[in-house]
Amino acid sequence: MIMNLPTATLLVSCPDQKGLVAKIANFIYSNGGNIIHADQHTDFSANIFLTRIEWQLEGFNLPREVISPAFSAIAKPLNANWQLRFSDTIPRLSIWVTKQDHCLLDLLWRWQAKEIIAEIPLIISNHANLKPIADQFGINFYHLPMTAENKLEQENQQLELLKKYQIDLVVLAKYMQILTPKIVDNFSQIINIHHSFLPAFAGANPYQRAHERGVKIIGATAHYVTADLDEGPIIEQDVVRVSHRDTVADLIRKGKDLERLVLARAVRLHIQNRVLVYGNRTVVFA
């Protein structure tokens, strides 16, 4: 089937100028490629052009290892930032958790059902509570307790584990620890789920504060982690209506449902190479 044939995807951002679509498409066409998906966006306020273009590798004249150097000759004069991804390169994920299991279980169920195409060889937690879930799914589990005294030492261990297991993406599935710059500066591909519609109610106890404020909707936000707490580029968000009859417990229950959905969507979009970050924003080619 055509859908199962391996493809290559280019994600490109550069200053906007005439002829960009033609130049990128012609690179693929002139080398015998068949484009199957193409999308683009121009942020006129920032004068930035962004595109995602995917083509079949069958019949493409350039070997995989030659595509990057060949395209760089086109990208350099455009002052472009770009990434090349192949559909049959399966990303390796590490999930980090604390005590709440709803996001972890949802991701693992979707992974088991092949809704999320990835390898998940590693779960890390600052508590041991969720080890039985890792055992159930046959995933290596590392319990690394965190205190103010040992945090830097444990983060060194986390980075070593990411290297050992060749991890491409970390998913914070309700990992209730603030990552220091040591982690963020040395591993940039981290997705977090936040239990509110950012930037509203950032930080702790958002449902309590939302209840006190009498909100009519609550939300969840999945974003990339940066050095600034809860301020990284947003990948996915969603909301659900609530009323004056809802208790804090009702808001938490509804919020957990949202957190599961929003995090799963964000992870799927990332591993499908549909997210392009520029500045502190994203374009999502869904």
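Residues numbered from 1 in each chain as written. Predicted model: local features only at pLDDT ≥ 70, side-chain atom pairs only at ≥ 80, totals over all residues. Heavy atoms only, no water.

Caption draft 1: Inspection of the domain arrangement of the protein at higher detail. Segmentation of the protein into domains returns domain 1 (7-86) and domain 2 (92-284). For domain 1 versus domain 2, the separation of C-alpha centres amounts to 31 Å. Opposite the 11 residues of domain 1 that make contact, domain 2 presents 8 residues. Buried area between domain 1 and domain 2, both sides added, is near 850 Å², and the carbon and sulfur share of it is 60%. For the domain 1 face of the interface with domain 2, the top three residues by lost area are Leu11, Leu50 and Arg52, together amounting to 47%. If you look at where domain 1 meets domain 2, you find 1 salt bridge. The shortest N-O distance in the salt bridge between Asp43 and Arg281 comes to 3.2 Å. Where domain 1 meets domain 2, there are 4 residue pairs in polar contact (both at pLDDT 80 or more). (Domains from an automatic or database assignment. Contact = heavy atoms within 4.5 Å. Buried area = accessible area lost by both parts, 1.4 Å probe. Salt bridge = Lys/Arg side-chain N within 4 Å of Asp/Glu carboxyl O. Polar contact = N/O pair within 3.5 Å; in protein donor to acceptor, adjacent residues only side chain to side chain.)

Caption draft 2: Representation of the UniProt feature "active site" (unreviewed entry) in the protein in the model. With numbering matched to this structure, UniProt assigns "active site" (unreviewed entry) to Asp230. The residue Asp230 is located in the loop between strand E10 (217-224) and strand E11 (234-241) in this model. In this structure the side chain of Asp230 is engaged in a polar contact, spanning 3.4 Å, whose partner is the side chain of His194. (UniProt positions renumbered as here; feature names shortened; annotations may be inferred. Helix = DSSP H or I, 4+ residues; strand = E, 2+ residues; numbered from the N terminus.)

Caption draft 3: Fine view of the pairing of strand E9 (residues 190-194). Across the 5 residues that make up E9, a large majority, 5, are buried. Of the two faces of E9, the one carrying Ile190, Asn192 and His194 and the one carrying Ile191 and Ile193 are both buried. Of the pairings in the sheet, the one linking strand E8 (residues 169-172) to E9 comprises 3 bridges and is parallel in character. Across the sheet, residue Leu172 finds its bridge partner in E9, namely Asn192. Here E9 pairs with E10 via 4 bridges, running antiparallel. The partner of Asn192 across the bridge, within E10, is His223. (Buried < 20%, exposed > 50% of the residue type's maximum accessible area, 1.4 Å probe, protein only. Pairing = 2+ DSSP bridges.)

Caption draft 4: Fine view of the layout of surface pockets. Taken as a whole, the largest pocket spans an internal volume of roughly 1,200 Å³. Forming the walls of the largest pocket are 45 residues, and the residues nearest its centre are Arg85, His270, Ile271, Gln272 and Asn273. Elements with a minimum of two residues in the lining of the largest pocket: strand E1 (7-15), strand E2 (34-43), strand E3 (48-56), strand E4 (81-86), helix H8 (248-271) and strand E12 (275-278). Take the lining of the largest pocket: its biggest share by element is 6 residues, from E4. Classifying every residue of the lining of the largest pocket gives 21 nonpolar, 16 polar and 8 charged. (1 Å grid on protein atoms, 1.4 Å probe; cavity = no way out; pocket = protein on both sides within 12 Å on 5 of 7 lines; lining within 4 Å. Points joined across faces, edges and corners; volume = space filled by probe spheres on them. Nonpolar A, V, L, I, M, F, W, Y, C, P; charged D, E, K, R; others polar.)

Caption draft 5: Examining the pattern of salt bridges more closely. Within the structure shown, the criterion is met by 14 salt bridges. One salt bridge in this structure joins Asp88 and Arg64, with 2.7 Å as the shortest N-O distance. One end of the pair, Asp88, is in the loop between E4 and strand E5 (92-97); the other, Arg64, is in helix H2 (residues 64-75), and 24 residues separate them in sequence. Overall, Asp88 belongs to the partly exposed group, its relative accessible area being 39%.

Caption draft 6: Geometry of the packing of aromatic side chains. Summed over the entire model, instances satisfying the criterion amount to 5 aromatic pairs. When the centroid spacing of 5.4 Å and the interplanar angle of 75 degrees are considered together, the rings of Trp96 and Tyr175 count as edge-to-face. Here Trp96, found in strand E5, pairs with Tyr175, found in the loop between E8 and helix H6 (181-186); they are 79 residues apart in sequence, far enough to count as distant. This pair shows no difference in class: Trp96 is buried, exactly as Tyr175 is. Between Tyr142 and Tyr165 the ring centres are 6.0 Å apart and the planes differ by 75 degrees, which places this aromatic pair in the edge-to-face class. Taken together, the residues Tyr142 in strand E7 (residues 140-143) and Tyr165 in the loop between helix H5 (151-164) and E8 connect sequence positions 23 residues apart. Exposure remark for Tyr142: the relative accessible area of 21% places this residue in the partly exposed category. Here the aromatic residues Phe27, Phe71 and Trp82 are joined through ring pairs into a cluster of three or more. Stacked on the ring of Phe86, the Lys or Arg Arg64 has its end atom at 4.9 Å from the ring centre. (Phe/Tyr/Trp six-rings, centres within 6.5 Å; stacked < 30°, edge-to-face > 60°. Lys NZ or Arg CZ within 6 Å of the ring centre and 35° of its normal.)

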